[in-house]
Amino acid sequence: MKTETKKPDKCNVELTVTLEPAEAAAVIKEVEKSFVREARLPGFRPGKAPLPLIKREFATQMKLEAERAMLRKYSTEAVKQALPDAIDVTSVKEAVCTAEAGSFTLFVDVKPTFKLPTYKGLKISEKDTKITDDQVNEQVERMRVGCAKYEDAKEGEAIAVGDFVQIDYTGTIDGKSILEIAPDAKVVAQGTGFWTQVEEGRFLQEILDALVGMKAGETKEEVKAKFSKDSAPEGLKGKKAVYTVTVKGFRKRILPDDKAFVEAMKKESIEQIVGEVRERMEKSAVEAEAVRRENEAVELLLKKVDFDVPNCFVERARDAYLNDLLQRAQYMGLNAEYFEQNRDKILKDATDHAEKQVRLMYVLGAIVDAEKIEATDEEKG
């Protein structure tokens, strides 16, 4: 058996294997014996049909089996002999086996070669993990909001941030109804008895801002809004609209006082709540800083080295990335249309991420070897 290699692409090697005539003949002989033993032909007992008749009746099957037998017998040995750094056989082509000659070509992913960059003494920036009183208080107040109750507004009360409001509204662009311009954008065109909460992100921000301070029964005209150039419905991107908004009614958000808040949280005191919130935030800040420093170290390390990586590992890492993205997409509300419109970018991002992860795997492995680090019995499982 003779082997010849060439490297057409990155970490993939083209390995051509040529059998000696005697080796090829031996493969063919074994295939013929197998067919004589197993073939069933009318008028002959098993194992008694003449070989010339079997070769005529099963020519195609014997040809394919000879190729498969040759690969089974010699492919692993050829890869081991010619490519000690082989990772995986990615494809096979041009497999031919006759009584006179046999050959096949394998495409094999191999380990990359690279010079380990300097990894000691990386200058990693430090971020302050101190949690301020204002940050703690802000988080506590968000928790208080989560315990809020809602009551019908009393006559004369004005709308405030956090209230639930029922409104009628109509919008126009250059004097023309939005519904005429974008029939599928009804939710931003007009509404009757529409409920929304006066909180950022719940509805068009300009309308939410206009509602603050209004009272039941009041109407505001000339409420101006501008649609995003990126996320607005078709026909409305970048357009400026004017709305008329009428408040039908609203429910006031009533925040609990400290006593009610403590009871709702099932704690002993407001001080206990504040203390626990601070402890959680401080722990989270330290953990987040550790992750940030690790990511920065990775970026600095990978900037020092660039090398091709095996496509088989890249494909696996890319598929894992895409599967994770699809799972997260369900919670983010992304639909099939989004993936179709952004297909090229998504695939590029996934491939870039995968290549980076595989490159990091090899660099970290080289560091482990350089430092002679061994896993503990507990880590080995």
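Below you will find a few notes about this structure. The structure displayed is predicted, hence computed values, not measured ones.

### Points about the environment of Glu 155
Moving on, step 1. Along the chain, the position of Glu 155 falls in the loop between strand 5 (149-152) and strand 6 (164-173).
Moving on, step 2. By relative accessible area, which is 86% here, Glu 155 ends up exposed.
Moving on, step 3. Separated by 61 residues in the primary sequence, Glu 155 and Ala 216 have C-alpha atoms spaced 7.8 Å apart.

### Considering the pattern of salt bridges
Moving on, step 1. This structure, assessed with the given rule, holds 28 salt bridges.
Moving on, step 2. Among the salt bridges present, the one from Asp 133 reaches Arg 278, with a minimum N-O distance of 2.4 Å. Here Asp 133, found in helix 4 (residues 133-146), pairs with Arg 278, found in helix 9 (residues 270-303); they are 145 residues apart in sequence, far enough to count as distant.
Moving on, step 3. Among the ionic pairs, Asp 306 bridges to Arg 359, the shortest N-O distance being 3.8 Å. Of the two residues, Asp 306 sits in the loop between helix 9 and helix 10 (311-332) while Arg 359 sits in helix 12 (residues 343-371), which places them 53 residues apart along the sequence.
Moving on, step 4. The exposure class of Asp 306 is exposed, given its relative accessible area of 69%.
Moving on, step 5. One network of salt bridges, with partners in common, ties together Glu 65, Arg 68 and Arg 72.

### Some thoughts on helix 1 (residues 21-38)
Moving on, step 1. Over its 18 residues, helix 1 runs 26 Å from end to end, which matches the ideal 26 Å to within 8%, given 1.5 Å per residue.
Moving on, step 2. Here helix 1 has its buried residues at Glu 23, Ala 24, Val 27, Ile 28, Val 31, Glu 32 and Phe 35.
Moving on, step 3. Tucked inside the fold, the buried residues of helix 1 contact helix 2 (51-57), helix 3 (59-82), strand 3 (86-97) and strand 4 (102-110).

Reading the values: rules and limits
- Along each chain, the written sequence defines residue order, and numbers are assigned to residues from 1.
- Note on the predicted model: pLDDT of at least 70 is required for a residue's local features to be given, and 80 or more for side-chain atom pairs to be given and counted; whole-chain, interface and lining totals, by contrast, use all residues.
- Excluded from the side-chain calculation are hydrogens and water; included are all heavy atoms of the structure.
- For the purposes of this entry, the term helix denotes a DSSP run of H or I that reaches at least four residues, the term strand denotes a run of E that reaches at least two, and both are numbered from the N terminus.
- Burial status follows relative accessibility: with a 1.4 Å probe on protein chains alone, a residue under 20% of its type maximum counts as buried, one over 50% as exposed, and anything between as partly exposed.
- Any carboxyl oxygen of Asp or Glu within 4 Å of a side-chain nitrogen of Lys or Arg constitutes a salt bridge here.
- Expected helix span is taken as 1.5 Å per residue step, with the number of steps being one fewer than the number of residues.
- By the convention used here, residues are in contact when the closest approach between their heavy atoms is within 4.5 Å.

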